[in-house]
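Summary of the model geometry
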Amino acid sequence: MTAFQGIIAAIAAIVLFLHGLQGFSREVQAVGGAALQSWLPRATESRWRGFLIGMAATAVVQSSSAITSLAVSLVDAGVISFRGSLGIVLGANVGTTATAWLVSFKLTGIGPFFIVIGALLSALPLRVNAIGKAVFYFGLVFFALDLISTELKPLQAHPWFQSGLAMATTPVIGLLMGMVFTAVIQSSSVTTGLAILLVQQGVLPAESAIPIVLGANVGSTSTALVASISMQPVARASAISNFLFNAIGVLLFLPFMDQFTQQMLATREPAIAVAWAHLTFNLTIAALFLATLGWVEPLLCAWLFVGADRRQLDTSNVRSS
């Protein structure tokens, strides 16, 4: 296989992975979307419950972009409050680490099993059919990851591939690579999955992969930002807040990136260390902003809600607990 054929095959595998993620997210929302929208307003009155909902929903759907975009859309529709959306997006950032753990534990081989089970369930009538489709796409996600791993191996011997990955040894460049790549393909799961696969193959050092996956958190906010452009100011504020949470988190971690990386690598396998770093970063940022949301939210309101409908800005009926 030539280098060109290898690149096309790898790109095709990534496209298949993206298709699996989008299909899985769509089918899960189709199964429980209506019930979710009727229950969310009450459930997100507490920032902590909103956080848990965002975390669990993202772990199930395997897409923080889908959950944050949904939260922004619900704010635009007046279904949930601005404050309620903040808990959800912070939880979504933690929930998205589930993909990294599945890949780091080398569980991508479960894909064919779920594809077969999902196809069989899809042949059944009524609600089981919809569940079967979700199971099928869940399997497709991990089958595609296995395919990506296979297609990347022949490319590892090419100098241009090695030199491109070597650029990530500088933390700032690694962060930018993760951020830009994720913004382009609209999926942090692809970025983190690829990074961990390359670490497992011994091509990418964990020291380079950790900045990449942290940068992916910032890049993943682009989906909600783009989706909110045509929405009301309060919805755009939710999307911008999601970006700020992740960007501020990266800026806080950047001066200590070397120490943080070494701490994550201590007594851990490299791929597991990357997954731990991803989880630790997101948990730390979520805890920081959840604990200070009582005074962070008014600052966001004052800065972002220029010209917004005052009825949407009224959070007096939302508990701060």
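The present account deals with the structure reproduced in this document. (Residues numbered from 1 in each chain as written. Predicted model: local features only at pLDDT ≥ 70, side-chain atom pairs only at ≥ 80, totals over all residues. Heavy atoms only, no water.)

1. A few points about the packing of aromatic side chains
For the coordinates displayed, the defined rule picks out five aromatic pairs. Between phenylalanine 245 and phenylalanine 289, the aromatic rings sit 4.5 Å apart at their centres with planes inclined by 40°, giving tilted as the arrangement. In this pair, phenylalanine 245 is assigned in helix H13 (residues 233-253) and phenylalanine 289 in helix H15 (residues 270-291), connecting sequence segments 44 residues apart. Accessibility expressed as a relative area gives 8% for phenylalanine 289, which makes it buried. Consider the rings of phenylalanine 253 and phenylalanine 281, whose centres lie 5.0 Å apart with planes at 70°: the pair is edge-to-face. With a gap of 28 residues between them, phenylalanine 253 in helix H13 and phenylalanine 281 in helix H15 connect regions that are remote in the sequence. The class of phenylalanine 281 is buried, set by a relative accessible area of 0%. These aromatic residues form a ring-pair network of at least three members: Phe253, Phe260 and Phe281. (Phe/Tyr/Trp six-rings, centres within 6.5 Å; stacked < 30°, edge-to-face > 60°. Helix = DSSP H or I, 4+ residues; strand = E, 2+ residues; numbered from the N terminus. Buried < 20%, exposed > 50% of the residue type's maximum accessible area, 1.4 Å probe, protein only.)

2. Concerning the pattern of salt bridges
A full pass over the atoms with the stated rule returns one salt bridge. With a shortest N-O distance of 2.3 Å, glutamate 297 and arginine 83 are connected by a salt bridge. Of this pair, glutamate 297 sits in helix H16 (residues 293-304) while arginine 83 is found in helix H4 (residues 82-95), placing the two residues 214 residues apart along the sequence. Classification of glutamate 297 as buried rests on a relative accessible area of 2%. (Salt bridge = Lys/Arg side-chain N within 4 Å of Asp/Glu carboxyl O.)

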